Amino acid sequence: MNPWLMPLFGWLAMSVVMLGVWLVQRRSGDAGIVDAAWTFGVGALGASFSLLSANGNWPRRLLLAALVSAWALRLGGYIVQRLVRLPEDGRYRQMKLEWGGNAQSRLFWFFQMQALAAVLFALPMLIAAQSTLPLNAWDYSGLAVWCVALLGETVADRQMAACRHDPAQRGQVCRRGLWRYSRHPNYFFEWLHWWSYFLLALSAPWGWTTIAAPLVMLYLFLFVTGIPPTEAQSLRSRGDAYREYQRTTSAFFPWPPRT
């Protein structure tokens with residue numbers, strides 16, 4: 001099969017998946033399930049694009065499939081645990097409140113946009129898999145960035161989970177570990193992770209175009225689906241304590257807190 005037809009089939013498959021996920025959330029009342037579906041979807045598409053639709057260097061294709069699968073399993077598993085243990089994410093509650101009677105119809109199209117986004121964010125793996133060159137310094141640099149990013153995001157998630165389960169932290173702002181240096185270290189390391197695929201793609205034709213993935217992800221985190229709705233919810237729930245946290249702590253890039 002022509003590798004460049006794979007995104008079309010991937011989009012059709014993800015559209016069907018997101019239709020099912022939308023129906024499930026109608027019954028469960030928890031729209032946060034879309035985050036898990038998107039993560040697992042990107043992992044499945046990225047691995048499929050790497051293994052099934054490319055004629056490039058086989059070790060690189062295996063490496064790409066392994067990295068994107070491991071990322072999806074870790075992040076998707078973490079999201080599923082949150083879905084089971086915690087109420088619906090405040091961002092989605094607020095969206096449904098603002099959309100009122102049109103909430104379900106708008107959520108349907110929102111879920112379908114996530115299907116398209118999953119394909120777009122899996123494209124770096126497809127492009128990287130076209131390289132016929134042996135593994136090189138760019139690939140090993142990408143692997144190193146991936147390891148640092150996954151470790152950082154895992155640590156940040158565990159530190160936040162520890163804060164949530166600490167009775168003394170109830171209603172307070174988490175400032176443990178990485179959260180002392182960034183208000184969103186999980187977002188920062190997730191963004192850093194996307195640079196690994198850019199590095200892995202640099203030896204492929206048109207590999208430089210994969211820089212779009214980390215740049216778009218940065219825009220989403222800073223201005224759309226990441227920091228703005230998350231901080232709005234934190235301000236509603238924690239008020240002045242979170243305002244003080246905003247005053248002293250970097251929003252995204254880890255940095256020593258201001259006094």
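Note that the structure is a prediction, hence the values are computed from the model and not measured.

### Some points on the packing of aromatic side chains
Under the definition given, this model contains 23 aromatic pairs. Between W22 and F108 the ring centres are 5.2 Å apart and the planes differ by 80°, which places this aromatic pair in the edge-to-face class. On the criterion of sequence distance, the pair formed by W22 in helix α1 (residues 6-28) and F108 in helix α5 (residues 103-128) is long-range, its members being 86 residues apart. Look at W22 and you get buried, because its relative accessible area is 12%.

### What about helix α3 (residues 58-85)?
With 28 residues, α3 should cover 40 Å at 1.5 Å per step; its first-to-last C-alpha distance of 40 Å lies within 8% of that length. Residue N57 occupies the N-cap position of α3, its side-chain oxygen lying 3.0 Å from the main-chain nitrogen of R60.

### Comments concerning the packing of α1 against α5
Viewed as axis vectors pointing N to C, α1 and α5 meet at an angle of 145°, and their least axial separation amounts to 8 Å. Here the hand of the crossing between α1 and α5 comes out right-handed. Here P7, G10, W11, M14, S15, M18, L19, V21, W22, Q25 and R26 of α1 come into contact with α5, specifically with Q104, L107, F108, F111, Q112, Q114, A115, L116, A118, V119, L123 and L126. Grouping the amino acids of the contact of α1 with α5 by side-chain chemistry returns 16 nonpolar, six polar and one charged.

### Points about the packing of α1 against helix α2 (residues 33-52)
For the pair α1 and α2, interaxial distance at closest approach is 10 Å and the crossing angle is 160°. In terms of orientation, α1 and α2 fall into the roughly antiparallel class. Crossing of α1 against α2: the hand is right-handed. When α1 is examined against α2, the residues M6, P7, G10, M14, M18, V21, V24 and Q25 are found in contact with a partner set consisting of I33, V34, A37, W38, G41, L45 and F49. For the contact of α1 with α2, the per-class residue count stands at 12 nonpolar, three polar and no charged.

### Considerations on a nonpolar patch on the surface
Together, L5, L8, F9, W11, L12, M113, L116 and L120 make up an exposed nonpolar region whose accessible area comes to about 740 Å². For the nonpolar patch, the secondary structure elements donating two or more residues are α1 and α5. Examining the composition of the nonpolar patch, we find that four residues originate from one element, α1, more than from any other. Mapped onto the elements, L12 comes out in helix α1. Overall, the relative accessible area of 43% leaves L12 in the partly exposed class.

### Details of helix α8 (residues 212-223)
Counted at 1.5 Å a residue, the expected span for α8 with its 12 residues is 16 Å, and the 16 Å between its end C-alpha atoms agrees. The complete set of buried residues in α8 reads A213, P214, M217, L218 and F221. For α8, the angular spread of the buried residues around the axis is 130°, confining them to a single face.

### Remarks on the confidence of the model for the protein
Within the protein, residue pLDDT values average 94, and 100% of them lie at 70 or more. By mean pLDDT, helix α4 (residues 90-99) is the weakest element of the protein at 90, and helix α7 (residues 185-201) is the strongest at 98.

### Things to note about unusual backbone geometry
You will see that W206, though not glycine, has its phi angle at about 65°, which is positive. By the secondary structure assignment, W206 is in the loop between α7 and α8. Residue W206 is classed as exposed on the basis of its relative accessible area of 60%.

### Section: the side chain of R183
Here R183 shows up in the loop between α6 (137-164) and α7. Among the polar contacts listed, one links the side chain of R183 to the backbone oxygen of Q246, at a separation of 3.2 Å. A distance of 2.6 Å separates a polar side-chain atom of R183 from the backbone oxygen of T249.

### Considering the nonpolar core
Counting residues in hydrophobic clusters, the biggest one holds 59 residues, and the most contacted among them are M18, W38, W71, F111, W194 and Y197. Looking at this core, the elements with two or more residues in it are α1, α2, α3, α4, α5, α6, α7 and α8. If one sorts the elements of this core by residue count, α5 sits on top with 13 residues. The contact partners of W194, leaving out residues within four places of it in the chain, are W38, V42, W71, F121, A213, P214 and M217.

### Digging into the side chain of N186
Counting through the fold element by element, N186 comes out in helix α7. Under the relative-accessibility criterion, N186 is labelled buried at 16%. Excluding anything up to four places from it in sequence, N186 contacts E153, A156, D157 and W179.

What counts as what
- Residues numbered from 1 in each chain as written.
- Predicted model: local features only at pLDDT ≥ 70, side-chain atom pairs only at ≥ 80, totals over all residues.
- Heavy atoms only, no water.
- Phe/Tyr/Trp six-rings, centres within 6.5 Å; stacked < 30°, edge-to-face > 60°.
- Helix = DSSP H or I, 4+ residues; strand = E, 2+ residues; numbered from the N terminus.
- Buried < 20%, exposed > 50% of the residue type's maximum accessible area, 1.4 Å probe, protein only.
- Expected span 1.5 Å × (residues − 1).
- Polar contact = N/O pair within 3.5 Å; in protein donor to acceptor, adjacent residues only side chain to side chain.
- Axes fitted to C-alpha atoms, helices over the stretch in contact; angles between N-to-C directions.
- Left-handed = near helix turned anticlockwise from the far one by under 90°.
- Contact = heavy atoms within 4.5 Å.
- Nonpolar A, V, L, I, M, F, W, Y, C, P; charged D, E, K, R; others polar.
- Parallel < 35°, antiparallel > 145°, perpendicular 65-115°, else oblique.
- Patch = residues over 30% accessible without salt bridge, like charges linked within 9 Å, V, L, I, M, F, W, Y side chains within 5 Å.
- Areas by Shrake-Rupley, 256 points an atom, 1.4 Å probe, with all protein chains shown as cover.
- Salt bridge = Lys/Arg side-chain N within 4 Å of Asp/Glu carboxyl O.
- Arc of directions from axis to C-beta.
- pLDDT = per-residue confidence, 0-100.
- Core = buried A, V, L, I, M, F, W, Y, C linked by side-chain atoms within 4.5 Å.

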